[in-house]
Amino acid sequence: MPGRVIELEDVTFTYPDGTVALKNISFFVEEGEAVAVVGENGAGKTTLCYLLSGVIPHIYGGTIKGKVSVAGIQPKDSSMRDLSRQVSIVLQDPDSQIFSPTVFMEVAFGPSNLGLSKEEILANVKWALEVTGLSGLEERSPDELSGGQKQRLVLASALAMRSRVLVLDEPTSQLDPVGVREVMATLKELKRRGVTMVITTHQTEEIAEIADKVIVLKDGNLLAIGSPKEIFSDVELMERAGVKAPDVAILTYELAKRGLNTEEVPINELEANEMLSKFIKDGKIRVSGELSFEQRRNERAIIEVRDLTFEYPGRVRALDNVSLTVYEGDFLGVIGMNGSGKSTLVKTMIGLLKPQQGKVLFRGEDVTKFTVGELAKRIGLILQNPDYQLFTISAIEEVMFGLRNIGVKGEEARKLALEILDMVGLKEKAEYFPFKLSFGERRLLAAAATLALNPEVVILDEPTTAQDYRGRYLLADLAKDLHERGKTIIMITHDMDLIAKYANRVIVMANGKIIMDGDPHVIFNDIERLRQAGVMPPQITRLAISMSQMGIPSQIIKIEEFLDVVEVVK
């Protein structure tokens with residue numbers, strides 16, 4: 001019989017500044033179990049990871065009350081070296097864990113410090129690279145990897161330790177859909193091999209297939225614990241916890257509010273298809289309408305990309321003769337696998353990269369003719385990693401820096417900076433040193449600094465990275481508000497729900513080229529071409545496509561659209 005490999009008994013943890021991050025937490029994890037931990041940012045998920053891995057108290061101080069036991073030892077009473085033989089941790093920000101000059105050396109570092117033989121080290125490294133899809137990149141510098149590849153690298157480094165317990169803090173937060181599926185397949189294999197895993201995540205749909213049980217945290221409290229089915233089907237619980245329930249669960253919940261009598265709430269499209277198809281056949285649901293959507297576009301170009309080619313030194317082309325016209329008023333979604341050229345494309349738009357061929361025009365003028373300051377007032381870029389944009393001593397100084405450089409001085413600059421910080425929810429932390437903020441808060445601060453310049457075009461590069469359910473919509477709603485005020489928005493994201501909710505146009509990139517361009521209703525309906533590009537449409541779209549033989553329009557991309565075309569028969 002497997003035994004308990006993790007035990008927490010009445011655990012409370014308080015940081016040195018007095019913040020109580022965990023409050024009277026008790027639960028256990030059996031050997032070989034995969035446990036998902038969900039909750040909004042600030043719920044205590046990362047603190048829990050730190051406690052289990054010994055990062056607390058060996059790196060971050062604070063006061064621990066209660067008992068924390070991992071593989072029979074208490075982390076606070078053991079050295080980090082001894083702990084590493086039992087538990088490995090993967091953080092949500094890969095750059096905070098990478099320090100070696102090559103991929104191979106990064107993955108080999110951990111097992112080398114355990115005193116393993118050369119043969120064991122090489123075998124561990126080879127296996128870890130294979131299961132994370134990094135084979136062939138052994139001599140590549142980590143600096144040359146995409147954000148998703150870096151996340152796979154830190155996962156490979158943890159796997160190479162062959163620890164008994166694997167703690168993963170948002171391991172897929174920067175991965176494209178293909179990368180998510182690969183990592184989830186890796187985690188399934190690790191589970192099959194008996195590795196015990198604790199995984200924090202905001203992705204309920206994917207983790208439901210792996211987790212044995214789910215722990216829900218809220219403000220440091222244990223709000224609920226149960227099976228994925230029990231937890232993720234409870235839409236009201238998910239809402240209280242600040243976690244997005246699966247689309248099909250929300251759909252069923254909304255249908256129940258309209259009078260549908262259902263005893264079970266599905267959490268995947270197969271369950272939903274079976275249940276809803278039966279209701280339609282039994283006459284309890286009637287397909288009552290057709291989907292309609294308008295494809296509108298202002299024909300005035302604001303950004304023109306002409307025959308653009310860009311190649312990084314010693315690598316294949318990141319952009320291969322790309323042409324694109326962005327029109328005034330577009331809310332343009334840019335999707336595709338990591339490495340498909342998305343970020344490279346937008347970096348050429350703002351002059352960060354100079355293409356070997358072609359040019360970028362802003363309102364008909366070559367962007368290379370603008371100074372950095374002039375271009376910043378026209379096109380603003382919010383990077384995927386905010387740490388590349390932050391450099392001052394406080395959040396308010398970060399926002400005021402740009403304002404001063406465009407001529408806003410003194411008290412006027414401070415007043416405007418506070419207004420913008422308030423807009424993104426950071427006004428109360430205006431005097432904080434930026435790197436004392438959480439990763440998600442630093443994303444919001446970088447956005448505030450960019451928006452302070454009032455650019456005509458705002459580019460968001462992966463706005464959901466490290467954001468919880470509410471946080472990702474805070475940035476996107478901010479972009480929507482700007483769009484309604486006449487701004488043009490370009491959003492790079494792996495979050496298809498975000499594209500469905502906000503974008504009026506989407507381009508799909510693969511191998512440095514734009515392979516699809518159009519309305520998201522049309523793009524998301526072409527599953528085969530999306531699959532070739534490593535993209536998966538939203539769960540609600542996949543459900544609609546699978547139910548098209550029942551009369552459901554296959555071009556549905558939002559829950560609201562599904563509800564508009566069906567009627568509960570009372």
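Remember, predicted model here, so these are calculated numbers, not experimental data.

A. Inspection of unusual backbone geometry at higher detail. For the bond running from Ile56 to Pro57, omega is 10 degrees, close enough to zero to count as cis. Counting through the fold element by element, Pro57 comes out in helix α2 (residues 55–58). One non-glycine residue, Ala71, lies in positive phi territory at about 55 degrees. One can find Ala71 in the loop between β4 (63–70) and α3 (80–84).

B. Spotlight on the pattern of salt bridges. One pass over the structure, following the stated rule, counts 36 salt bridges. Through salt bridges with shared partners, a single network forms among Arg300, Glu328, Arg363 and Glu456.

C. Quick peek at the sheet that holds strand β8 (residues 213–218). Reading across from one edge, β5-β6-β7-β3-β8-β9 is the order of the 6 strands in this open sheet, with mixed pairing throughout. Two strands close off the open sheet at either side, each with one partner strand: β5 (87–90) and β9 (221–226). Mean inter-strand twist for the sheet, computed between neighbouring axes without regard to direction, equals 15 degrees. Pairing geometry for strand β6 (residues 165–169) and strand β7 (residues 196–200), over 5 bridges, is parallel. When the bridges of β7 are listed, Asp169 appears paired with Thr200.

D. Summary view of the side chain of Thr196. For Thr196, the location among the structural elements is in strand β7. Residue classification places Thr196 among the buried positions, given a relative accessible area of 0%. A distance of 2.8 Å separates the side chain of Thr196 from the backbone nitrogen of Gly32, its partner in a polar contact. Leaving out residues up to four positions away in the same chain, Thr196 has contacts with Val5, Val29, Glu30, Glu31, Gly32, Glu33, Arg164, Val165 and Leu166.

E. The arrangement of the nonpolar core in detail. Core analysis: the largest hydrophobic core is formed by 76 residues, its most contacted members being Leu276 and Phe562. The greatest single-element share of this core, amounting to 6 residues, is contributed by helix α6 (residues 147–159). Counting 52 residues, the second largest nonpolar core, distinct from the first, contains Met496, Ala500, Ala503 and Val508.

F. Spotlight on the sheet that holds strand β2 (residues 20–30). Read from one edge to the other, the open sheet built from 3 strands follows the order β2-β1-β4, with strand pairing classed as antiparallel. Across the chains shown, the open sheet's two edge strands, defined by having one partner strand only, are β2 and β4. Sheet twist, expressed as the mean angle between neighbouring strand axes with direction ignored, is 5 degrees. In this sheet, β2 lies alongside strand β1 (residues 4–14) in antiparallel orientation, the contact comprising 7 bridges. Paired with Phe13 across the bridge in β2 is Leu22.

G. Broad picture of the pairing of strand β13 (residues 331–336). Burial analysis of β13 places 6 of its 6 residues in the buried class, which makes it a mostly covered element. The alternating pattern of β13 places Phe331, Gly333 and Ile335 and Leu332, Val334 and Gly336 on opposite faces, both of which are buried. Pairing geometry for β13 and strand β18 (residues 488–492), over 4 bridges, is parallel. What sits directly across from Val334, in β18, is Ile492. Examined bridge by bridge, β13 and strand β19 (residues 505–510) share 5 bridges and lie parallel to one another.

H. Broad picture of the packing of helix α12 (residues 269–281) against helix α22 (residues 539–546). Between α12 and α22, whose axes approach to 10 Å, the crossing angle comes to 45 degrees. Relative to α22, α12 is oriented oblique. Judged by the twist between their axes, the crossing of α12 over α22 is right-handed. Contacts from Glu269, Ala272, Asn273 and Leu276 in α12 reach Gln539, Arg542, Leu543 and Ser546 in α22. In terms of residue class, the contact of α12 with α22 is made up of 3 nonpolar, 3 polar and 2 charged.

I. Just the packing of aromatic side chains, in detail. Throughout the structure, instances matching the rule amount to 8 aromatic pairs. Residues Phe13 and Tyr15 carry aromatic rings whose centres are separated by 4.8 Å and whose planes lie at 85 degrees to one another, so their mutual orientation is edge-to-face. Classification of Phe13 as buried rests on a relative accessible area of 0%. Exposure remark for Tyr15: the relative accessible area of 22% places this residue in the partly exposed category. Taking the centre distance of 5.9 Å and the plane angle of 55 degrees together, the rings of Phe433 and Phe435 count as tilted. Judged by relative accessible area, which is 40%, Phe433 ranks as partly exposed.

J. Structural view of empty space enclosed by the protein. Applying the stated criterion across every chain yields a total of 2 cavities of 30 Å³ or more. Its boundaries defined by the atoms lining it, the largest cavity holds a volume of some 50 Å³. Around the largest cavity sit Leu51, Ile56, Pro57, Ile64, Gly66, Val68, Gln74, Pro75 and Lys76, which together line it. Sorting the residues of the lining of the largest cavity by element identifies α2 and β4 as the ones contributing at least two each. Counting residues per element, the lining of the largest cavity draws most heavily on β4, at 3 residues. The residue inventory of the lining of the largest cavity, partitioned by class, reads 6 nonpolar, 2 polar and 1 charged. In this structure, the second largest cavity occupies an estimated 30 Å³ of space. Around the second largest cavity, the lining residues are Ile382, Leu451, Val458, Leu460, Leu475, Leu478, Ala479 and Leu482.

K. Geometry of a nonpolar patch on the surface. Taken together, the side chains of Ile59, Tyr60 and Met80 define a hydrophobic patch exposed on the protein surface, amounting to about 280 Å² of accessible area. Following the sequence through the fold, Ile59 ends up in the loop between α2 and β4. For Ile59, a relative accessible area of 56% translates into the label exposed.

L. Region of the structure containing the pairing of β1. What sits between β1 and β2 in their antiparallel hairpin is a turn of 5 residues, with Gly18 showing a positive phi close to 95 degrees. Pairing of β1 with β4, which is carried by 7 bridges, proceeds in the antiparallel orientation. Bridge assignment links Glu9 to a residue of β4, and that residue is Lys67.

M. Structural view of the environment of Ile396. Residue placement: Ile396 occurs in helix α15 (residues 395–405). Distance in space between the C-alpha atoms of Ile396 and Leu416 is 9.8 Å, their sequence separation being 20 residues. What Ile396 contacts, discounting residues up to four positions off in sequence, is Arg414, Ala417, Leu418, Leu421, Ala430 and Glu431.

Criteria and cut-off values
- Residues numbered from 1 in each chain as written.
- Predicted model: local features only at pLDDT ≥ 70, side-chain atom pairs only at ≥ 80, totals over all residues.
- Heavy atoms only, no water.
- Helix = DSSP H or I, 4+ residues; strand = E, 2+ residues; numbered from the N terminus.
- Salt bridge = Lys/Arg side-chain N within 4 Å of Asp/Glu carboxyl O.
- Pairing = 2+ DSSP bridges.
- Axes fitted to C-alpha atoms, helices over the stretch in contact; angles between N-to-C directions.
- Buried < 20%, exposed > 50% of the residue type's maximum accessible area, 1.4 Å probe, protein only.
- Polar contact = N/O pair within 3.5 Å; in protein donor to acceptor, adjacent residues only side chain to side chain.
- Contact = heavy atoms within 4.5 Å.
- Core = buried A, V, L, I, M, F, W, Y, C linked by side-chain atoms within 4.5 Å.
- Parallel < 35°, antiparallel > 145°, perpendicular 65-115°, else oblique.
- Left-handed = near helix turned anticlockwise from the far one by under 90°.
- Nonpolar A, V, L, I, M, F, W, Y, C, P; charged D, E, K, R; others polar.
- Phe/Tyr/Trp six-rings, centres within 6.5 Å; stacked < 30°, edge-to-face > 60°.
- 1 Å grid on protein atoms, 1.4 Å probe; cavity = no way out; pocket = protein on both sides within 12 Å on 5 of 7 lines; lining within 4 Å.
- Points joined across faces, edges and corners; volume = space filled by probe spheres on them.
- Patch = residues over 30% accessible without salt bridge, like charges linked within 9 Å, V, L, I, M, F, W, Y side chains within 5 Å.
- Areas by Shrake-Rupley, 256 points an atom, 1.4 Å probe, with all protein chains shown as cover.

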